[in-house]
Amino acid sequence: MTMIGLVDCNSFYVSCERVFQPRFLGLPVGVMSNNDGCVIALSNELKALGIKMGTPAFEIQHLVRQGRIHLLSSNYELYGDMSARVQEVLEEYSAGVEPYSIDEMFVRFDGFAKDQRLKHARQLHRKVRQFTGIPVCVGVAPTRTLAKLANRAAKKIPTYQGVCVLHPDSRETQVLLKKIELGDVWGVGRRLVERLAVIGIKSAWDLAQADPKRIRRQFSVTLERTTLELRGIPCIEMNDFHEPRQRIMTSRSFGKLTGDMSEIREAIRQHGQRGAEKLRSQNSLARAVLVFLKTNPFRQDLPQYSPSLILELPRPTNDSRAILSATGQALQRIYRKGYLYQKGGVMLLDLIDAGRQQLSLFDTPQSDADRQRSEKLMGVMDELNRRMGRSTVTLGRPSPGAAWHLRCANRSARYTTRWDELPIVRV
Amino acid sequence: MTMANLIPAHPAPPALALPYPLALGRAGLSGFPSPAQDYEGRTLDLNERFVKRPAATFFLTVTGDSMEPLGIHEGDTLVVDRSVDSRPGHIIVAMVDGEITVKRYELRGEVYCLCSGNPRYAPIPLVDMECQVWGVVRSVIHEFAV
């Protein structure tokens, strides 16, 4: 049986800060969006104070002044580097890693006997923590949907101590599925929960017991797949998800090994464009983009190089032009001659709801006219592509953007990527 | 600055295949290969020597004088490897009361201690203390003014 693991970093941005500033361990700490607008990452201690994702920073400024909470500006350069380190450790100790977001990675668990899986999962858990300082939770199961649930259990239920391995027909899995609410199942949105409740399906277990054919008739193929996945039958690949997502990933292999920059640039451009379309169709904006390339790990006779780069966007956006400009620059920086790449992709990170207009007050300002122009242009582009087939209208080479000045008053040092910002240790 | 900050998500340059695979040439007329050929085209990479495990390696800048007898001076750069399990005798980076510091990890009698290189500072016994190992110092980079 194939098994898949999901490794999820705990409060990732905050954990990155804590590696270099251990005085923040155990304290309520939050990380703010660019321009210090609102809170985008929270430690458990901060969540316990009732502060939520998206809370405007000014609303809790008084707590900062009283020294009761700590807010930091986002430091994507640090987070990107730490994420690459986590991935590298996982690659060393597993048969393959697929990043799902900056802080979540799927890990192949092939080739382990049943009784070895828990031991191996614990090893991943321990090694990532020791090598990088980032605490993680590990969930292992036969399908991605179950791995996601296992990960959630590992995080929420203390007895698991951060590691949960689920075998499909075990009592443990059954108990867990009965406990888990439908809304916490990967790919089941709020509206779906309401519709399923009408026909008596309330827990993950109920859904797993439902007739997949019926689910397909009454709902969708996607939900049928989720149903099968909950039973332990794998049928979801990385890019299949239709939930409104926290991140959008577009990637695929090039079809052959290639070192040709123009081929790779074209592929990355298409991924960027496709990602931006998905972003608009789910009405979100992205704060950052990640571009990655991978050589073929099974060709050990060839030199290996699997770089990635995160680029913070000047403001949350779903404008293809800004996104392609960013992916183009990122690719330029990571591409190296002399390697044969197998795969590449674009990830859009830290998504927010485009409808939340208040953000424009806090994020880097963009003039109304500018935004309307952009919306109109992107709307026309999507409409043409919808009516006349994908790629009817695409963008050419992106133009380099203007210079921006971000406010980042409380940004920690870029400890791992700048010589003049290394952590200082007093001896 | 360009439109946004470019962020290198990985500090280590790609590893060089060793010996660097260049087509071998022939030396002289006799057709015997030159003994230097194995090293032809190869450059020495300090990362290869000092960074054993890039994902777990961090650089830290030193301030203070307590480790001078052990060869660690103000302004030096420490190469710290978190993947090494610490043993007595190692110079380690430790978290003590929420701060990171550098000490020699020692076993004195039956008590594990963090010792500084300077007798002016008393050893810190590791009993009832919030103390964790952050990483093990593998090397020190000391630059001279030139």
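Residues numbered from 1 in each chain as written. Chains lettered and ligands numbered in written order. Predicted model: local features only at pLDDT ≥ 70, side-chain atom pairs only at ≥ 80, totals over all residues.

**Examining the overall build of chain A**
And then number 1: When helices and strands are tallied, chain A shows 15 helices and 14 strands.
And then number 2: For chain A, with 427 residues in total, the buried portion stands at 46%. (Helix = DSSP H or I, 4+ residues; strand = E, 2+ residues; numbered from the N terminus. Buried ≥ 20, exposed ≤ 12 C-beta atoms within 10 Å, placed from the backbone.)

**Overview of the sheet that holds strand β6 (residues 104-108) of chain A**
Residue and element names in this part refer to chain A.
And then number 1: Taking strand neighbours across the sheet as the criterion, the five strands line up as β5-β6-β1-β7-β8 in an open arrangement whose pairing is mixed. Only two strands of the sheet have a single partner each, and these edge strands are β5 (97-101) and β8 (163-165). When strand polarity is set aside, the average angle formed by the axes of neighbouring strands in this sheet is 15°.
And then number 2: Of the pairings in the sheet, the one linking strand β1 (residues 4-9) to β6 comprises five bridges and is antiparallel in character. Bridge pairing in β6 links D8 to E104.
And then number 3: Running at roughly 150° to β5, helix α4 (residues 76-92) makes contact with β1, β5 and β6 of the sheet. (Pairing = 2+ DSSP bridges. Axes fitted to C-alpha atoms, helices over the stretch in contact; angles between N-to-C directions. Contact = placed C-beta atoms within 7 Å.)

**Describing the pairing of strand β12 (residues 341-349) of chain A**
Regular strands place their side chains on alternate faces of the sheet.
All names here are of chain A.
And then number 1: Of all nine residues in β12, eight are buried; the element is thus mostly enclosed.
And then number 2: Bridge count for strand β10 (residues 284-295) against β12 is eight bridges, and the pairing is antiparallel. Note on β12: the bridge partner recorded for T295 is Y341.

**Thoughts on the sheet that holds strand β4 (residues 70-73) of chain A**
All names here are of chain A.
And then number 1: Reading across the sheet, the three strands line up as β3-β2-β4 and stay open at both edges, with mixed pairing between neighbours. In this open sheet, the two strands that pair with only one neighbour each are β3 (39-42) and β4. Put simply, the sheet's adjacent strands are angled 30° from each other on average, direction ignored.
And then number 2: Where strand β2 (residues 29-32) meets β4, four bridges bridge the pair, whose relative direction is parallel. Bridging from a neighbouring strand, G30 pairs with L71 of β4.
And then number 3: Packed on one face of the sheet, helix α1 (residues 12-20) meets β2, β3 and β4 and runs near 110° to β2.

**Quick word on the pairing of β1 of chain A**
All names here are of chain A.
And then number 1: The element β1 is extensively covered by neighbouring structure, given that six of its six residues are classed as buried.
And then number 2: Where β1 and strand β7 (residues 136-141) come together, six bridges link them in antiparallel fashion. Looking at the pairing, V7 lines up with V138 of β7.

**Considerations on the domain arrangement of chain A**
Residues and elements named next belong to chain A.
And then number 1: For chain A, the domain assignment lists domain 1 (1-167), domain 2 (168-243) and domain 3 (248-364).
And then number 2: The distance between the C-alpha centroids of domain 1 and domain 2 comes to 25 Å.
And then number 3: Between domain 1 and domain 2, the contact holds 13 residues from the first and 19 residues from the second.
And then number 4: Per-class residue counts for the side of domain 1 that touches domain 2 are five nonpolar, four polar and four charged. (Domains from an automatic or database assignment. Nonpolar A, V, L, I, M, F, W, Y, C, P; charged D, E, K, R; others polar.)

**Here we look at unusual backbone geometry**
With the exception of glycine, most residues fall at negative phi, and the peptide bonds are largely trans.
And then number 1: Even without being a glycine, S11 of chain A presents a positive backbone phi close to 35°.
And then number 2: Assignment of secondary structure puts S11 of chain A in the loop between β1 and α1.
And then number 3: Although it is not a glycine, D97 of chain B sits at a positive phi angle of roughly 50°.
And then number 4: Counting through the fold element by element, D97 of chain B comes out in the loop between β4 (91-96) and β5 (99-108).
And then number 5: By the C-beta count within 10 Å, which is 10 here, D97 of chain B ends up exposed.

**Some remarks on the UniProt feature "domain: UmuC" (unreviewed entry) in chain A**
And then number 1: Sites flagged by UniProt as "domain: UmuC" (unreviewed entry) map to residues 4-189 of chain A.
And then number 2: End-to-end, the C-alpha atoms of residues 4-189 of chain A are 23 Å apart, and along that stretch the chain is 40% helix and 20% strand. (UniProt positions renumbered as here; feature names shortened; annotations may be inferred.)

**Re the confidence of the model for chain A**
All names here are of chain A.
And then number 1: Averaged over every residue, the pLDDT of chain A is 85; residues scoring 70 or more account for 89%.
And then number 2: When the elements of chain A are averaged for pLDDT, helix α14 (residues 359-362) gives the smallest value, 46, and α1 the largest, 97.
And then number 3: Confidence drops under a pLDDT of 50 for residues 357-363, and excluding neighbours within four residues, the segment shows 14 contacts in the predicted structure.
And then number 4: Confidence drops under a pLDDT of 50 for residues 398-406, and excluding neighbours within four residues, the segment shows 22 contacts in the predicted structure. (pLDDT = per-residue confidence, 0-100.)

**Focus on the nonpolar core**
And then number 1: One finds V140, A150, V289 and L290 of chain A together with V93 and V102 of chain B to be the most contacted residues of the largest nonpolar core, which totals 131 residues.
And then number 2: Per element, the largest residue contribution to this core is eight residues, and it comes from β10 of chain A.
And then number 3: Apart from the residues within four sequence positions on either side, V93 of chain B is in contact with V425 of chain A together with L60, V80, I100, V102, W134, G135 and V137 of chain B. (Core = buried A, V, L, I, M, F, W, Y, C linked by C-beta atoms within 7 Å.)

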